[in-house]
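The residues making up each chain are set out below.
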Amino acid sequence: MAGGIHQPEDMTPKRVCITGVSSGLGHGLAQKYLEAGARVYGCSRRRPEDLIQLGLRFASVDLSDENTGPAVFSALIEPETQFDLVLLNAGKLGQIRDMRDTPLDDLRETLETNVWSNKWLLDTLYSGDRTIDQVVAISSGASQSGSRGWNGYSVSKAALNMLIKLYAGECPETHFTSLAPGLVDTAMQDYLTNLPPDPRYAPLEILKAAKGTEAMPDGKTCAEKLMEVFPRLLELESGSYADIRKLSNSGH
């Protein structure tokens, strides 16, 4: 491992912070860690009542609002002086359309949620001499592929990868990774797979074919796989981008 603190693979993190816990992958991760006995802090705009009943420490945070978000998030995590694992999961897709047809305001909002909120989240997490063992930011293969139509989403995830790399250089006591989790059956996929056929946006047909199959697991099933992968990410250089599909294929 090229930096960060190594956790044995059989050691479930005891203190976990997750963004975007109201649905999809974030909800699945929060549920699985709560069931494993971890103390889990989560934020999202909507309240996940089922997770709160399981013991989730929750705050409603609008990640696109840097004026109110940091104070609410800071109050949520104030009791903890250390986190074993931070999962920056929340994200916004935006509409599938050509870049030239995408308003700048839409691009700004996507970057605000997918990139800049993660800056103030990390800055808040590190305030007060709090220590963090591992940070995993949920990225996407779209950050590498640049497929037509994915406009602000691709730009924002590519920028997120670099943001994580920069923080890795500044915070050697923490291990950072940007991780593409593969296809996950979420509300985002509901939107994508219900779009009409369009030859300009080739990945849509791949997603439609995967919908409802093992190639596109639900959030809880994907969370179980990711929980096995997170400790193995510590073998990578801190700040790296990784794709779970390539990690699986390479045997890492």
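Look above for the structure.
Residues numbered from 1 in each chain as written. Predicted model: local features only at pLDDT ≥ 70, side-chain atom pairs only at ≥ 80, totals over all residues. Heavy atoms only, no water.

*Asks:* I'd like to hear about the packing of aromatic side chains, residue by residue, with values.
*Replies:* Summed over all chains, the structure comprises one aromatic pair. Each ring, one from Y41 and one from F83, has its centre 5.5 Å from the other, and the planes form 90°; the classification is edge-to-face. Here the residue Y41 occupies a position in strand β2 (residues 39-44), and F83 occupies one in strand β4 (residues 82-88), the gap between them amounting to 42 residues. We note R57 situated over the ring of Y41; from NZ or CZ to the ring centre the distance is 5.6 Å. (Phe/Tyr/Trp six-rings, centres within 6.5 Å; stacked < 30°, edge-to-face > 60°. Helix = DSSP H or I, 4+ residues; strand = E, 2+ residues; numbered from the N terminus. Lys NZ or Arg CZ within 6 Å of the ring centre and 35° of its normal.)

*Asks:* Provide a residue-level description of the pairing of strand β1 (residues 15-19), including the pertinent values.
*Replies:* With four of five residues buried, β1 is to be regarded as a mostly interior element. Bridge count between β1 and β2: five bridges; the pairing is parallel. Counterpart to V16 in the pairing with β2 is V40. You can see the chain leave β1, run along helix α1 (residues 24-35) and come back into β2, and the turn it takes is right-handed. Where β1 lies against β4, three bridges are found, and the strand directions are parallel. Pairing of V16 across the sheet is with L85, part of β4. (Buried < 20%, exposed > 50% of the residue type's maximum accessible area, 1.4 Å probe, protein only. Pairing = 2+ DSSP bridges. Right-handed = clockwise from strand over helix to strand, strands pointing away.)

*Asks:* So what's going on with the environment of G91? Residues and values would help.
*Replies:* With respect to the helices and strands, G91 occurs in the loop between β4 and α4 (104-125). With 20 residues separating them along the chain, G91 and L111 place their C-alpha atoms 9.3 Å apart. Non-local contacts of G91, meaning those with residues more than four positions away in its chain, are made with T113 and N114. (Contact = heavy atoms within 4.5 Å.)

*Asks:* Explain the sheet that holds β2 residue by residue, including any values.
*Replies:* The sheet built from seven strands is open, its strands ordered β3-β2-β1-β4-β5-β6-β7 with parallel pairing. The two strands at the open ends of the sheet, each matched to only one other strand, are β3 (57-60) and β7 (240-243). Sheet twist, expressed as the mean angle between neighbouring strand axes with direction ignored, is 20°. Bridge analysis of strand β6 (residues 175-180) against β7 gives four bridges, and the strand direction is parallel. Counterpart to L179 in the pairing with β7 is A242. Docked against the sheet, α4 engages β1, β4, β5 (131-138) and β6, running at close to 175° with respect to β4. Where helix α6 (residues 151-170) meets the sheet, it contacts β4, β5, β6 and β7, and its direction lies at approximately 165° from that of β6. (Axes fitted to C-alpha atoms, helices over the stretch in contact; angles between N-to-C directions.)

*Asks:* Account for the pattern of salt bridges, with residues named and values stated.
*Replies:* Should their charged atoms come close, side chains of opposite charge can pair. Here the structure, examined in full by the defined rule, presents 16 salt bridges. It is possible to trace a salt-bridge network through shared partners that takes in D98, R148, D198 and R200. (Salt bridge = Lys/Arg side-chain N within 4 Å of Asp/Glu carboxyl O.)

*Asks:* I'd love a proper account of the environment of G219, names of residues and values included.
*Replies:* Take G219: it is sitting in helix α9 (residues 219-233). The residues contacting G219, other than those within four sequence positions of it, are G24, L25, G28, V184 and D185.

*Asks:* Describe in detail the pairing of β5, supporting the description with residues and values.
*Replies:* Most of β5 sits out of view: seven of its eight residues are buried. Sheet topology note: the β4/β5 ladder contains six bridges and is parallel. Its bridge partner lying in β5, F83 is registered against I132. In the classification by handedness, the crossover that spans β4, the intervening α4 and the parallel β5 is right-handed. Where β5 and β6 come together, five bridges link them in parallel fashion. Paired with V136 across the strands is T177, a residue of β6.

*Asks:* Could you give an account of the environment of E173, with specific residues and numbers?
*Replies:* On the secondary structure map, E173 appears in the loop between α6 and β6. For E173, a relative accessible area of 39% gives the class partly exposed. Separated by 40 residues in the primary sequence, E173 and D133 place their C-alpha atoms 7.0 Å from one another.

*Asks:* Could you give an account of α6, naming the residues involved and the relevant values?
*Replies:* An α-helical turn contains 3.6 residues, so a residue and the one three or four places further along point in the same direction. Counted at 1.5 Å a residue, the expected span for α6 with its 20 residues is 28 Å, and the 29 Å between its end C-alpha atoms agrees. Those residues of α6 that sit buried are N151, G152, Y153, S154, S156, K157, L160, N161, L163, I164, Y167 and A168. (Expected span 1.5 Å × (residues − 1).)

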